[in-house]
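Observations on the model geometry
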Amino acid sequence: MTAQSSATASRAVTGGIVLGALGVLAFSLSLPFTRVAVADLDPWFVAFGRAVGAAALAWVYLRVTAASAPTRRQWRRLAIVALGVVVGFPLFTSLALTTSTSAHGAVVITVLPAMTAVFAVLRAGERPPALFWLASLGGLAVVLTFLVTSGTVHGELTSADLFLLIAVILCGLGYAEGGALARELGGARTICWALIISLPVTIPTTVTSAWVSPPHAGVSGWAAFGYLTVVSMFLGFFAWYGGLARGGIAKVGQIQLMQPLLTLAWSALLLGEAVSRSSIAAALIVLGCVVLTQRTRSKG
């Protein structure tokens, strides 16, 4: 590899990390805002209605940019993306958060980076080295330990936990497939086409949900729904899929280890909750693990 090509690759990885971090920042508010939204709105409406709203934005974007239609092979892969991030994750997190807190949900979601890395191996052909897996598991262990010792987790396995685990599996698949496909379509077009291909499912479900349980919510409920539609389901993926495509799905995916701690930080900033020294220490250790994963080189 020449010095020029090495520098270009390094810039691509750096750009991927920056975009990935922006995506994680956007997604870090998803669980709290889902919790707020489902307090007033039907979880099926929250899950599928935001996808319909985001699809409308996607249609405008695709028309303005005169994006060409995907190939038949890309449509099949977009269906996998849609199953994971447009339908699966929003639905099962919405169902879970009708009875579970967003803080508890953050615990289960902590395994998402590892799941994304697994699917990066299975679907995208990436081969992270052993040091990468050790650093990833180390960061996962720190976050879980912190959340358990801080009293966030208690009790036995519930249906909400099972819903969250299903959400994690489907989301990891959708992240890995979408990140790989974004190398061909770009991050923005990948999520836009995934939203469009989901409309035959999302529109009927949204209409049925609204018919059975007419949506009524206060300002906070609709504001949360608006964030989930515009940011969590649309703009956040512009940065996230772009980052995965540029920096590597497994590597950039590990930035999500910071997401549970960011969620707690939002609680302090927006809700006035105190942030303990242990949370700061945990954040610094996890940040070190994330940096270590970025310094490893993938095989193949």
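About the thresholds
Residues numbered from 1 in each chain as written. Predicted model: local features only at pLDDT ≥ 70, side-chain atom pairs only at ≥ 80, totals over all residues. Heavy atoms only, no water. Helix = DSSP H or I, 4+ residues; strand = E, 2+ residues; numbered from the N terminus. Buried < 20%, exposed > 50% of the residue type's maximum accessible area, 1.4 Å probe, protein only. Contact = heavy atoms within 4.5 Å. Areas by Shrake-Rupley, 256 points an atom, 1.4 Å probe, with all protein chains shown as cover. Phe/Tyr/Trp six-rings, centres within 6.5 Å; stacked < 30°, edge-to-face > 60°. Core = buried A, V, L, I, M, F, W, Y, C linked by side-chain atoms within 4.5 Å. Salt bridge = Lys/Arg side-chain N within 4 Å of Asp/Glu carboxyl O.

**Quick look at the overall build of the protein**
On a plain count of helices and strands, the protein comes out with 14 helices and zero strands. Overall, the protein shows an N-to-C arrangement of helices and strands of α-α-α-α-α-α-α-α-α-α-α-α-α-α. Expressed as a percentage of the 300 residues in the protein, the buried residues total 51%. A sequence separation of at least 24 residues applies to 93% of the contacts in the protein between residues at least 6 apart. Accessible area of the protein: about 13400 Å², with a carbon and sulfur share of 69%.

**Structural notes on the environment of G53**
Residue position: G53 is located in helix α3 (residues 43-64). You can call G53 partly exposed: its relative accessible area is 26%. Taking C-alpha positions, G53 is 9.2 Å from F234, a pair spaced 181 residues apart along the chain.

**Digging into the packing of aromatic side chains**
Aromatic ring pairs: the centre-centre distance and the angle between the two ring planes describe each pair. One pass over the full model with this rule turns up 15 aromatic pairs. With a centroid separation of 5.2 Å and an interplanar angle of 70°, the aromatic rings of Y61 and F238 are classed as edge-to-face. Placement of the pair is Y61 in helix α3 and F238 in helix α11 (residues 219-247), with a sequence separation of 177 residues. Here F234 and F238 contribute two aromatic rings whose centre-to-centre distance is 4.8 Å and whose plane-to-plane angle is 65°, an arrangement assigned as edge-to-face. Of the two residues, F234 and F238 are both situated in helix α11; the distance of four residues between them amounts to about one turn of the helix. We classify F238 as partly exposed; its relative accessible area is 22%.

**Remarks on the environment of P32**
Topologically, P32 is positioned in helix α2 (residues 30-38). Other than its neighbours up to four places away in sequence, P32 contacts S102 and T263.

**Points about the environment of A47**
Checked against the element boundaries, A47 lands in helix α3. Judged by its relative accessible area of 0%, A47 falls in the buried class. C-alpha separation for the pair A47 and S94, spaced 47 residues apart in sequence, amounts to 6.2 Å. Among all residues touching A47, those that are not within four sequence positions of it are V86, P90, L91 and S94.

**Digging into the nonpolar core**
Counting 69 residues, the largest nonpolar core has V85, V86, Y175, L195, F237, W240 and Y241 as the members making the most contacts within it. The element contributing the most residues to this core is helix α8 (residues 159-185), with 13 residues. Aside from chain neighbours lying at most four places away, what touches Y241 is V81, V85, G174, Y175, G178, G179, A182, G187, T190 and I191. Membership of the second largest hydrophobic core comes to nine residues, among which are F146, L257, L261 and V286.

**With respect to the pattern of salt bridges**
Per the stated rule, a full pass over the model turns up three salt bridges. Among the salt bridges present, the one from R77 reaches E177, with a minimum N-O distance of 2.8 Å. A residue pair is termed long-range when its members are at least 10 positions apart, and R77 in helix α4 (residues 72-96) and E177 in helix α8 qualify at 100 residues. A salt bridge links R77 to E184; the nearest nitrogen and oxygen atoms lie 3.1 Å apart. With R77 in helix α4 and E184 in helix α8, this residue pair connects regions lying 107 residues apart in the sequence.

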